[in-house]
Amino acid sequence: MQFLKSGLIVLVFSLHFPLFSEERSDFDQVRKAVVQIKVYSQAFSAFTPWATDGVRASSGTGFLIGNKRILTNAHVISNAKYVQVQRYNQTEWYRVKILHVAHDCDLAVLEAEDPEFYKDSTDLSLGEIPELNSSLIVVGYPIGGNKVSVTRGIVSRKEQSKYEHSSVDSHLVLQVDAAINPGNSGGPAIQNNNVVGVAFQVATKGENIGYLIPTKVIRHFLKDIEDGRYDGYVELGIGTFNSFNTSLRKVKGIPEGLEGVFVSRILPNGSADGYLKEGDYLTEIDGLAIGRNGTITLDKDARVDFTEAVDDKYSGEPIRFKVFRNGKLIDVEFKAKRMPDFDFMKNRYDTPFDYSMIGGLLFQEMSRDLLGAWSRSGNTSGGSQFLYRYDYFIEDGIGRTKKADVVLYRKLAHPVNSSSDYFLNLVLESVNGEPINSLADLKRITAESKSKFLKLKFLNIDLPLILDREETQKADSQIRSTYGLE
């Protein structure tokens, strides 16, 4: 999938006024609520964390949902420095405030600063999840054009899918065949005069396949921010295995006809940690029967992964399972909670990257952004350790004892670090014998050290990197000046 914020895709523009001329008055009300969004953004660079990328102009769409709130996608306004909005019958652009951003479900709420923006506007209401094969229209401002665009389509699928904005989170999506193009992002999909989804992604494979964020996800976001703060989604924190194999079912003593899935993995610090066990057979969640493929019934049109039931919850709410364990069906209940351990695996926006430099050697905590920057740099020596620790940091339970892996990811060449290439892209284990469990540890130890040498020990490498502490400190000021870190 790819985002719809902006791009070079050729527009297939289709206005179908004759098809809904009888609905003209309703559409007039719809377009009074639809907003074009102009964004000037500047992203932070993981590879060069002391600098920012150039200013980028892009556009998207939003719509009014009441109380002067404009709903749009998070990716439309990420890394924004300046955001303006305009409605179809206006000639002036109005500056907005970003009130809330939810990168894990790609939604955001804005508010125009000037009350004049809302003159003669209308608000849209949220509807329910539409049925398969039902028609809808998608309204927006694709390809940055300043005229509102309408395309028609049908709902062709309901499923859980990855939201590309974070690259990790998965929630419910609606697949449609309406022509959705860059610039449509954040625009409403309308059915029976109600919003049934927000346009946000398209398929890179296949033709004319677009995706909507359904109102189920939108309502979860809006309820979350009612207290003025966005807390984010909770995580169950388990892996499961289907129960199609009849021999496995017999070995495990699963009664004939009892549907469900096996728990194959319990992740540390997840909601289920301490309550479910590997080998448990999950048969129900919150009273909903779990099939052998791990799905529950969403509605008459679709079955979705049983974790969709967890997606509806907020931190502190109960999760109830019926579990077949040790030959008995038992009830297991525990509270849902966020799992910050996953945060390093998500794309990051709006905040700079923290780093530390020792004699021109650059260190950061492991993150998806650093992994991407490292890959694009072409300097991938030692990459297997980097990749392994990224993929298995959670599964191996390393997060129980340390906040993050700290990686030597880049060298700014200087005579003081001429012998350090061997250690690039390795995980720093200790400095002068003190363990490194976060970037803060590294900064503290190097700042407080009075030793003549800094002894940097890397994971699975017996020979340490030795640096003269005073020489590296003298070199740092020169390196900062030479490479523009000032």
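Residues numbered from 1 in each chain as written. Predicted model: local features only at pLDDT ≥ 70, side-chain atom pairs only at ≥ 80, totals over all residues. Heavy atoms only, no water.

### Here we look at the packing of aromatic side chains
Okay, so step 1: Scanning the model with the defined rule gives 17 aromatic pairs in all.
Okay, so step 2: Judged by centre distance (6.4 Å) and plane angle (35 degrees), the rings of Y40 and Y82 are tilted. Of this pair, Y40 sits in strand β2 (residues 34-41) while Y82 sits in strand β5 (residues 80-87), and the two are 42 residues apart along the sequence.
Okay, so step 3: For Y40, a relative accessible area of 30% corresponds to the partly exposed category.
Okay, so step 4: Judged by relative accessible area, which is 31%, Y82 ranks as partly exposed.
Okay, so step 5: With a centroid separation of 6.1 Å and an interplanar angle of 25 degrees, the aromatic rings of F321 and F334 are classed as stacked. You can see F321 sitting in strand β20 (residues 318-325) and its partner F334 sitting in strand β21 (residues 328-335), a full 13 residues away along the chain.
Okay, so step 6: On the basis of relative accessibility, which here comes to 4%, the residue F334 falls in the buried class.
Okay, so step 7: Clustering of aromatic rings is evident, with ring pairs tying together Y275, F306, F321 and F334.
Okay, so step 8: The lysine or arginine in question, K38, covers the ring of W93, its NZ or CZ lying 4.1 Å from the ring centre.
Okay, so step 9: Lying over the aromatic face of F453, K452 brings its terminal NZ or CZ to 5.3 Å of the ring centre. (Phe/Tyr/Trp six-rings, centres within 6.5 Å; stacked < 30°, edge-to-face > 60°. Helix = DSSP H or I, 4+ residues; strand = E, 2+ residues; numbered from the N terminus. Buried < 20%, exposed > 50% of the residue type's maximum accessible area, 1.4 Å probe, protein only. Lys NZ or Arg CZ within 6 Å of the ring centre and 35° of its normal.)

### Regarding the sheet that holds strand β6 (residues 94-102)
Okay, so step 1: As summarised here, the arrangement of the six strands in space is β2-β3-β4-β7-β6-β5, forming a closed barrel in which the pairing is antiparallel. With strand direction ignored, the average angle separating the axes of adjacent strands in the sheet is 40 degrees.
Okay, so step 2: In this structure, strand β3 (residues 56-66) lies alongside strand β4 (residues 69-72), joined through three bridges in antiparallel fashion. The residue of β4 that forms the bridge with F63 is L71.
Okay, so step 3: Most of the contacts of helix α3 (residues 215-224) go to strand β7 (residues 107-112), to which it runs at about 60 degrees, and overall it touches β3, β4, β6 and β7. (Pairing = 2+ DSSP bridges. Axes fitted to C-alpha atoms, helices over the stretch in contact; angles between N-to-C directions. Contact = heavy atoms within 4.5 Å.)

### Examining helix α9 (residues 469-482)
Okay, so step 1: With 14 residues, α9 extends 20 Å from end C-alpha to end C-alpha; this agrees with the ideal 20 Å at 1.5 Å per step.
Okay, so step 2: Of all the bends in α9, the greatest measures close to 25 degrees and is centred on D476.
Okay, so step 3: Listing the buried residues of α9 in full gives R469, T472, A475, D476 and I479.
Okay, so step 4: In this structure, the buried residues of α9 make contact with β22 (356-358), β27 (453-458) and β28 (465-468).
Okay, so step 5: The opening residue of α9 is D468, an N-cap whose side-chain oxygen sits 3.1 Å from the backbone nitrogen of E470.
Okay, so step 6: A positive phi of about 75 degrees marks G484, the residue just after α9. (Expected span 1.5 Å × (residues − 1). Bend = angle between axes of the 7 residues up to and from the residue. Polar contact = N/O pair within 3.5 Å; in protein donor to acceptor, adjacent residues only side chain to side chain.)

### Quick look at unusual backbone geometry
Okay, so step 1: We note that N133 has phi near 70 degrees; this positive angle belongs to a residue other than glycine.
Okay, so step 2: Following the sequence through the fold, N133 ends up in the loop between β7 and β8 (135-140).
Okay, so step 3: One non-glycine residue, N192, lies in the positive phi region at around 55 degrees.
Okay, so step 4: Within the element layout of this structure, N192 appears in the loop between β11 (188-191) and β12 (194-202).

### Details of the pairing of β2
Okay, so step 1: With six of eight residues buried, β2 is to be regarded as a mostly interior element.
Okay, so step 2: Pairing geometry for β2 and β3, over eight bridges, is antiparallel. If you follow V39 over to β3, its bridge partner there is S58.
Okay, so step 3: Judged from the seven bridges that link them, β2 and β5 form a sheet pairing that is antiparallel. The partner of I37 across the bridge, within β5, is V85.

### Regarding the pattern of salt bridges
Okay, so step 1: Taken as a whole and judged by the stated rule, the model has 28 salt bridges.
Okay, so step 2: One salt bridge connects R219 with E128, and the closest N-O pair in it is separated by 3.7 Å. Taken together, the positions of R219 in helix α3 and E128 in the loop between β7 and β8 put the pair 91 residues apart, joining distant regions of the chain.
Okay, so step 3: The shortest N-O distance in the salt bridge between D405 and R389 comes to 2.8 Å. (Salt bridge = Lys/Arg side-chain N within 4 Å of Asp/Glu carboxyl O.)

### Points about the confidence of the model for the protein
Okay, so step 1: In this model, the protein carries an average pLDDT of 91, and 93% of its residues clear a pLDDT of 70 or more.
Okay, so step 2: Contacts of residues 1-23 to residues separated by more than four positions or lying in other chains number 70 contacts, the stretch itself having pLDDT below 50. (pLDDT = per-residue confidence, 0-100.)

### Things to note about a negative patch on the surface
Okay, so step 1: Judged by side-chain charge, E92, E113, D114 and E116 come together as a negatively charged surface patch.
Okay, so step 2: One can find E92 in the loop between β5 and β6. (Patch = residues over 30% accessible without salt bridge, like charges linked within 9 Å, V, L, I, M, F, W, Y side chains within 5 Å. Areas by Shrake-Rupley, 256 points an atom, 1.4 Å probe, with all protein chains shown as cover. Lys, Arg positive; Asp, Glu negative; His and termini not counted. Charge placed at Lys NZ, Arg CZ, Asp CG, Glu CD.)

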